[in-house]
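# Remarks on the overall topology
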Amino acid sequence: MLTQHPHTSGDVGTFYNRHTDVYDSALGGNIHVGYWDDEADDSPMREATDRLTDLVTERLAPAEGQHLIDVGCGHGSTAARIIAHHAVEITGVSVSDYQVDLANSRPQPLDLPGRASFRLADAMDLPFPDETFDGAYAIESLMHMKDKAEALGHLARVLRPGGRLVIAEHHLDGELDLPDVARMADAQAFFKFALTGDLYRRLLREAGLKVVDHTDITENVRRSYDSMTDAWREAARTDPDRRAAGEWQTAADLGAWCFAVPQLRYGLLTAVRP
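Summary of the structure given here. (Residues numbered from 1 in each chain as written. Predicted model: local features only at pLDDT ≥ 70, side-chain atom pairs only at ≥ 80, totals over all residues. Heavy atoms only, no water.)

## Considering the nonpolar core
Across soluble globular proteins, you tend to see nonpolar side chains buried next to one another. Cut-off, in case you're wondering: Here, nonpolar core means buried Ala, Val, Leu, Ile, Met, Phe, Trp, Tyr and Cys residues that are tied together by side-chain atoms lying within 4.5 Å of each other. For every residue, the accessible area obtained with a 1.4 Å probe (protein chains only) is divided by the maximum for its type, and the residue is called buried under 20%, exposed over 50%, and partly exposed between those limits.
If you look at the biggest cluster of nonpolar residues, it comprises 49 residues, and the most contacted ones within it are Leu52, Val56, Ile90, Tyr137, Met228, Trp232 and Tyr266. Formed by 27 residues, the second largest nonpolar core is a distinct cluster that contains Ala123, Phe133, Ile167 and Leu204.

If you want it as structure tokens, here you go:
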């Protein structure tokens, strides 16, 4: 949920690489939130983040032999879980060469049902022909993209008719008070929550996709937030790079505020290309 940078070189790349590693540690080997059934669910973080992956996969309903695109693939943990249980091919894309290298370095035993590969590519300009993929998923990646309409347009373009897109994402529902609006504007360097659920649904329709489900799971994922802010505070305390440490502290401070905003929601959106 920190701002993505086009490619990871120099100082910016070092910070982005640390960002990936901090998330991996805070979220049990994944870099997205976890899902707990209810307050009595005491699943550890790794089980909870895997469960979020499973919820996305259930909505994709992948069939044997299908080709899926993982938009904002991170270090490949989501794709790795899917191909361990489904006989599909996954192409993951990211704008981070560090993440792509990590994802491609994951072992893929020959007895796995599926296979995955990862490459540098920008979701706002996908380098694939029309109707390449049978399904697509984007877990906490669209919020990093400046032009979400462009990204959704490309996703609709590369989906085959009948193909599903599943989005797991934060969004805003309801109007913010003026002081909150100003604070949210301050947070935009880190948190891209400006879109409402209604606007996401509109952009999907304008891209030519039919929205078939939108499930709010905010209360089920909320337990992840403390782990994330704690990890950012620890990174601020231990990072030897003073500039990076300052950015971690800013992320922790803004994160603690953002996560408490009642209009901040987390949902699963499913759309189909007719």
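After that view of the structure, there is still more to cover.
## Here's the deal with the environment of Ala149
As a reminder, the rule being used: Each helix corresponds to a stretch of at least 4 residues labelled H or I by DSSP, and each strand to a stretch of at least 2 residues labelled E; elements are numbered beginning at the N terminus.
With respect to the helices, strands and loops of the structure, Ala149 is situated in helix 5 (residues 148-158). Distance in space between the C-alpha atoms of Ala149 and Leu204 is 8.0 Å, their sequence separation being 55 residues.

## Considering the environment of Val212
Rules: Two residues form a contact once any of their heavy atoms are found within 4.5 Å.
When you line up the elements, Val212 lands in strand 6 (residues 210-216). Judged by relative accessible area, Val212 falls into the partly exposed class, the value being 41%. Along the primary structure Val212 and Val272 are separated by 60 residues, whereas in three dimensions their C-alpha atoms are 7.1 Å apart. The residues contacting Val212, other than those within four sequence positions of it, are Thr270, Ala271 and Val272.

## Remarks on helix 2 (residues 45-60)
The cut-off we apply is this: To estimate how far a helix should extend, the number of its residues minus one is multiplied by 1.5 Å.
For helix 2, built from 16 residues, the straight-helix expectation of 22 Å at 1.5 Å per residue is met to within 8% by its first-to-last C-alpha distance of 23 Å. Residues Met45, Ala48, Thr49, Asp50, Leu52, Thr53, Leu55, Val56, Thr57, Arg59 and Leu60 constitute the buried set of helix 2. Within two residues after helix 2, Ala61 carries a phi angle of roughly 50°, on the positive side.

## Focus: the pattern of salt bridges
Defined as follows: A carboxyl oxygen of Asp or Glu within 4 Å of a side-chain nitrogen of Lys or Arg is what we treat as a salt bridge.
Using the criterion set out here, one finds 15 salt bridges in the structure. Across the pair Asp216 and Arg265 runs a salt bridge, and its minimum N-O distance is 3.0 Å. Residue Asp216 is located in strand 6, and its partner Arg265 is located in strand 7 (residues 264-272); the two are separated by 49 residues in the primary sequence. Classification of Arg265 as buried rests on a relative accessible area of 19%.

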